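Analysis of the macromolecular model
These are the residues of each chain, in order.
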Amino acid sequence: TVWLRAPPRSPLCLGIGGRLFPGTMPDVLGDLRVALRAKDEEKWLAAVGEAEREGYNGDQIAEALEETIKEDPVACYRFMEEIHRPPQAMAVLHMPADGEEWESSVHYADVMLQGAFDKVWSVYPRVPHEDPWADGLDKAHCEVVSSAGVTLKASGMA
């Protein structure tokens, strides 16, 4: 007998030892809830991957997790953000070709600052803490480097 893995949303799924058992269906959204409740990174990532393979979109997942998140919203959002938010980001920014001549001659061009701080916001944690000024919390650090070297350093809370 040859067993094949069933396509998504089929009444077949992999069972014990990799064999298929008819009539069983993995509870992907349930796995997401359990992983989120337990704050288990490995199970969470496996469940997110399975949800994507099953074809669930972000709205369906958010709706399924709504009750679980209501139990402890700050901890849930912090857990998800720590997993999915990149700790660092880098971008190459250019002055627009249609900009005014004076814009390229200023030391801190508005376009470049806006681009740098947009990138900072993409990695900055958004979940509030009890004491936002505590030493152990993430802070935003930004360095703008030009052909002349480092032209701007900004550090602290954004």
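The structure we're discussing is the one just above.
Structure report, in brief. (Residues numbered from 1 in each chain as written. Predicted model: local features only at pLDDT ≥ 70, side-chain atom pairs only at ≥ 80, totals over all residues. Heavy atoms only, no water.)

Let us look at helix α1 (residues 28–38). Those residues of α1 that sit buried are V28, L29, G30, L32, A35 and L36. One or two positions beyond α1, positive phi appears at K39, with a value near 55°. (Buried < 20%, exposed > 50% of the residue type's maximum accessible area, 1.4 Å probe, protein only. Helix = DSSP H or I, 4+ residues; strand = E, 2+ residues; numbered from the N terminus.)

Interaxial distance between α1 and helix α2 (residues 41–54) falls to 9 Å at its minimum, and their mutual angle equals 155°. As the angle between them shows, α1 and α2 are arranged roughly antiparallel. The chirality of how α1 crosses α2 is left-handed. Counting all contacts with α1, which are made through V28, D31, L32, A35 and L36, the residues of α2 involved are K43, W44, A47, V48, E50, A51 and E54. Tallied by class, residues from the contact of α1 with α2 come to eight nonpolar, no polar and four charged. (Axes fitted to C-alpha atoms, helices over the stretch in contact; angles between N-to-C directions. Parallel < 35°, antiparallel > 145°, perpendicular 65-115°, else oblique. Left-handed = near helix turned anticlockwise from the far one by under 90°. Contact = heavy atoms within 4.5 Å. Nonpolar A, V, L, I, M, F, W, Y, C, P; charged D, E, K, R; others polar.)

This next bit is on helix α4 (residues 73–84). Along its twelve residues, α4 runs 16 Å from first to last C-alpha, staying within 8% of the 16 Å computed at 1.5 Å per residue. If you check which residues of α4 are buried, you get C76, F79, M80 and E81. Packed against the buried residues of α4 are α1, α2 and α3 (58–71). (Expected span 1.5 Å × (residues − 1).)

Looking now at unusual backbone geometry. Of note in the backbone geometry, K39 takes a positive phi value of approximately 55° without being a glycine. The residue K39 is located in the loop between α1 and α2 in this model.

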